[in-house]
Amino acid sequence: MMKLEINGQQTELGEVDPDMPLLWALRDVAGLVGTKFGCGIAQCGACTVHVDGYPQRSCQLPIGSLEGQSITTIEGLAEQDGTLSALQQAWIDYDVPQCGYCQAGQLMSAAALLDENANPTDEEIDAAMAGNYCRCGTYVRIKGAIKSVASGEAMLPKAGGSLARGA
């Protein structure tokens, strides 16, 4: 019986092949379909999730190698009550998504960057996001959203659902 900690909860995956890529365990077994299949060879970043807080490509990561580690998916970025994280809200405020397909992976890489470095330079943002490809070319908006969160200018949710400029 395979169990993984996903988004802070122990999740039973049943009898699954330990060689199954994490991406398919998340989507097909756990029902968490926010993580996307892109290239299938860990090059485009669409399938990025956090493993113990670090961004990883889930399409090439066998679940048998993850025992005892914590997995966070795009579904785990928001609060338990559904309140968006400041980064997710900035994505909306900056109209980042176009087709939206790569956005889950982009957000996971950006969240990992901000967790590690709360005030990244342009060069650090470029380096952290270099492995995530966007066919729509929204890179300028992505950088703007990341910088708005880093600077505290991002719109942050307030009690009652309204928005205010961040701290």
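Analysis parameters
- Residues numbered from 1 in each chain as written.
- Predicted model: local features only at pLDDT ≥ 70, side-chain atom pairs only at ≥ 80, totals over all residues.
- Heavy atoms only, no water.
- Core = buried A, V, L, I, M, F, W, Y, C linked by side-chain atoms within 4.5 Å.
- Buried < 20%, exposed > 50% of the residue type's maximum accessible area, 1.4 Å probe, protein only.
- Helix = DSSP H or I, 4+ residues; strand = E, 2+ residues; numbered from the N terminus.
- Contact = heavy atoms within 4.5 Å.
- Salt bridge = Lys/Arg side-chain N within 4 Å of Asp/Glu carboxyl O.
- Pairing = 2+ DSSP bridges.
- Axes fitted to C-alpha atoms, helices over the stretch in contact; angles between N-to-C directions.
- Left-handed = near helix turned anticlockwise from the far one by under 90°.
- Nonpolar A, V, L, I, M, F, W, Y, C, P; charged D, E, K, R; others polar.
- pLDDT = per-residue confidence, 0-100.

1. Regarding the nonpolar core
Turning to step 1, where the next piece is worked out: In this structure, Leu87, Trp91 and Ile146 are the most contacted members of the largest nonpolar core, which totals 19 residues.
Turning to step 2, where the next piece is worked out: Looking at this core, the elements that each hand over two or more residues are helix H2 (86-93), helix H3 (103-116), helix H4 (122-129) and helix H5 (139-151).
Turning to step 3, where the next piece is worked out: At seven residues, H3 tops the list of elements feeding residues into this core.
Turning to step 4, where the next piece is worked out: Excluding its chain neighbours within four sequence positions, the residues that come into contact with Ile146 are Leu87, Trp91, Ala110, Leu113, Leu114, Pro120, Ile125 and Met129.

2. Describing the side chain of Ser148
Turning to step 1, where the next piece is worked out: Within the element layout of this structure, Ser148 appears in helix H5.
Turning to step 2, where the next piece is worked out: Setting aside residues no more than four positions away along its own chain, Ser148 makes contact with Ala90, Tyr94, Glu153 and Ala154.

3. Topic: the pattern of salt bridges
Turning to step 1, where the next piece is worked out: Applying the stated criterion to the full structure yields two salt bridges.
Turning to step 2, where the next piece is worked out: In this structure, Asp122 engages Lys147 in a salt bridge whose closest nitrogen and oxygen atoms are separated by 2.7 Å. Taken together, the residues Asp122 in helix H4 and Lys147 in helix H5 connect sequence positions 25 residues apart.
Turning to step 3, where the next piece is worked out: Residue classification places Asp122 among the partly exposed positions, given a relative accessible area of 30%.
Turning to step 4, where the next piece is worked out: Where Lys143 meets Asp126, a salt bridge forms, and the shortest distance between an N and an O atom there is 2.8 Å. Residue Lys143 is located in helix H5, and its partner Asp126 is located in helix H4; the two are separated by 17 residues in the primary sequence.
Turning to step 5, where the next piece is worked out: Using a relative accessible area of 41% as the deciding quantity, one classes Asp126 as partly exposed.

4. What about the sheet that holds strand S4 (residues 54-57)?
Turning to step 1, where the next piece is worked out: Here we have five strands laid out as an open sheet, ordered S2-S1-S5-S3-S4, and mixed in their pairing. The sheet is open, and its two edges are formed by strand S2 (9-14) and S4, each paired on a single side. The average angle at which neighbouring strand axes cross in this sheet is 40 degrees, direction not considered.
Turning to step 2, where the next piece is worked out: Both strand S3 (residues 48-51) and S4 contribute to a ladder of four bridges, which runs antiparallel. Pairing of Thr48 across the sheet is with Arg57, part of S4.
Turning to step 3, where the next piece is worked out: Along the sheet face, H3 touches S3, S4 and strand S5 (70-72) and points at about 35 degrees away from the line of S3.

5. Details of the packing of H3 against H5
Turning to step 1, where the next piece is worked out: Where H3 meets H5, the closest approach of the two axes is 11 Å, and the angle between their N-to-C directions is 35 degrees. Both H3 and H5 take part in a crossing whose hand is right-handed. Contacts between H3 and H5 involve Gln106, Ala110, Leu113 and Leu114 from the first element and Tyr139, Ile142, Ile146, Val149 and Ala150 from the second.
Turning to step 2, where the next piece is worked out: For the contact of H3 with H5, the per-class residue count stands at eight nonpolar, one polar and no charged.

6. Observations concerning unusual backbone geometry
Turning to step 1, where the next piece is worked out: Within the chain, Asp52 stands out as a residue other than glycine whose phi angle is a positive 50 degrees.
Turning to step 2, where the next piece is worked out: As for its placement among the helices and strands, Asp52 is situated in the loop between S3 and S4.
Turning to step 3, where the next piece is worked out: Overall, the relative accessible area of 41% leaves Asp52 in the partly exposed class.
Turning to step 4, where the next piece is worked out: One non-glycine residue with positive phi stands out, namely Asp95, at about 50 degrees.
Turning to step 5, where the next piece is worked out: For Asp95, the location among the structural elements is in the loop between H2 and H3.
Turning to step 6, where the next piece is worked out: Residue class for Asp95 comes out partly exposed when judged on its relative accessible area of 49%.

7. Let's talk about the confidence of the model for the protein
Turning to step 1, where the next piece is worked out: Of the residues in the protein, 92% reach a pLDDT of 70 or more, and the chain-wide mean stands at 91.
Turning to step 2, where the next piece is worked out: Here residues 156-167 is a poorly scored stretch, pLDDT under 50, and it has 24 contacts once near neighbours within four places are set aside; other chains count.

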